[in-house]
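Chain by chain, the residues run as shown.
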Amino acid sequence: MATFEIHNIESEHELQTAYVLMRELRPHLADAENFIARVHRQAEQGYSLKGVWQDHELLALAGYRISENLIYARFLYVDDLVTAPRARSHGLGAKLIDALREEARCQNCTHLVLDTGLGNALGQRFYYRQGLLAAGMHFRQSLV
């Protein structure tokens, strides 16, 4: 049976590895240097990366932050969630969601929250299976 390790991604080497996988979800990220700089800037606002590793290979990762607002009180927001194509349908996303739930509980959060694209039917099915329910729509406007 395969063993997996889940831990926060912090070292420069781990961030380089995370960049390759994050490009699966965020192909607009042009280079590792820019990605790592953005992660460091976002970390100043509470952003963290958590990964699922097997034999020193990063197979899935999640970017998240602890926040607070008037809707949810204190909550854990998942910015990014991605699994390597060859590792999909092996329960790694579920392992990450479970780890994020535990992190949220440890941080005294009342909710776990994430957004997904309207066209992401597979992701939506996954989130429903994980007990996450759609509660609204996300609106945006580009200002550039």
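Quick notes on the rules
Residues numbered from 1 in each chain as written. Predicted model: local features only at pLDDT ≥ 70, side-chain atom pairs only at ≥ 80, totals over all residues. Heavy atoms only, no water. Helix = DSSP H or I, 4+ residues; strand = E, 2+ residues; numbered from the N terminus. Rg over C-alpha atoms; globule rule 2.2 N^0.38 Å. Buried < 20%, exposed > 50% of the residue type's maximum accessible area, 1.4 Å probe, protein only. Contact = heavy atoms within 4.5 Å. Areas by Shrake-Rupley, 256 points an atom, 1.4 Å probe, with all protein chains shown as cover. Lys, Arg positive; Asp, Glu negative; His and termini not counted. Charge placed at Lys NZ, Arg CZ, Asp CG, Glu CD. Core = buried A, V, L, I, M, F, W, Y, C linked by side-chain atoms within 4.5 Å. Arc of directions from axis to C-beta. Pairing = 2+ DSSP bridges. Axes fitted to C-alpha atoms, helices over the stretch in contact; angles between N-to-C directions.

J.: Can you tell me about the overall build of the protein, naming the residues and giving the values?
T.: Of the regular secondary structure elements, the protein holds four helices and five strands. If you list the helices and strands of the protein from N to C, you get β-α-α-β-β-β-α-β-α. The C-alpha radius of gyration computed for the protein amounts to 15 Å, which stays within 12% of the reference 15 Å derived for 144 residues, consistent with globular compactness. Viewed in the frame of its principal axes, the protein has a C-alpha envelope of about 40 × 40 × 30 Å. Of all 144 residues assigned to the protein, the portion counted as buried reaches 38%. Counting only contacts in the protein whose residues sit at least 6 apart along the sequence, the fraction spanning at least 24 positions is 56%. Summing over all exposed atoms, the protein offers an accessible surface of approximately 9,400 Å²; the carbon and sulfur share of this is 51%. With 15 positive and 17 negative side-chain charges, the protein shows a separation of 8 Å between the mean positions of the two kinds.

J.: A description of the nonpolar core should follow, citing residues and the corresponding values.
T.: Formed by 39 residues in total, the largest nonpolar core has its most connected members in Ile9, Phe35, Leu49, Leu61, Leu76 and Leu81. Elements represented by at least two residues in this core include exactly α1 (12-25), α2 (32-43), β2 (48-54), β3 (57-69), β4 (73-83), α3 (92-106), β5 (111-114) and α4 (121-129). The residues contacting Leu81, other than those within four sequence positions of it, are Leu25, Leu61, Ala62, Leu96, Ile97, Phe126 and Tyr127.

J.: Can you tell me about α4, naming the residues and giving the values?
T.: Among all positions in α4, only Gly123, Phe126 and Tyr127 are buried. The arc enclosing the buried residues of α4, seen along the axis, measures out at 95°, which places them on a common side. Residues Leu122, Arg125 and Arg129 are exposed on α4 and point more than 90 degrees away from its buried face. The inward-facing, buried residues of α4 abut β4, α3 and β5. Of the residues flanking the end of α4, it is Gly131, one or two places downstream, whose phi is positive at about 90°.

J.: Can you explain the sheet that holds β3? Please cite residues and give values.
T.: Strand order in the open sheet formed by five strands is β1-β2-β3-β4-β5, with mixed pairing between adjacent strands. The open sheet has two edge strands with one neighbour each: β1 (5-8) and β5. On average, each strand axis in the sheet is tilted by 30° relative to the strand beside it, whichever way the strands run. Strand direction decides the pairing type here: β3 and β4, joined by ten bridges, are antiparallel. Considered in β4, the bridge of Ala62 is made with Leu81.

J.: Report on unusual backbone geometry, specifying residues and quantitative values.
T.: For residues besides glycine, phi is generally negative; the peptide bonds are generally trans as well. Phi is positive for Ala73, which is not a glycine, with a value near 65°. Relative to the helices and strands, Ala73 is located in strand β4. Classification of Ala73 as partly exposed rests on a relative accessible area of 33%. With a phi angle near 65°, Ser89 is a residue other than glycine that sits in the positive phi range. Residue position: Ser89 is located in the loop between β4 and α3. Assessed through its relative accessible area of 79%, Ser89 is described here as exposed.

From the geometry alone we can't say anything about function, so treat these as descriptive.
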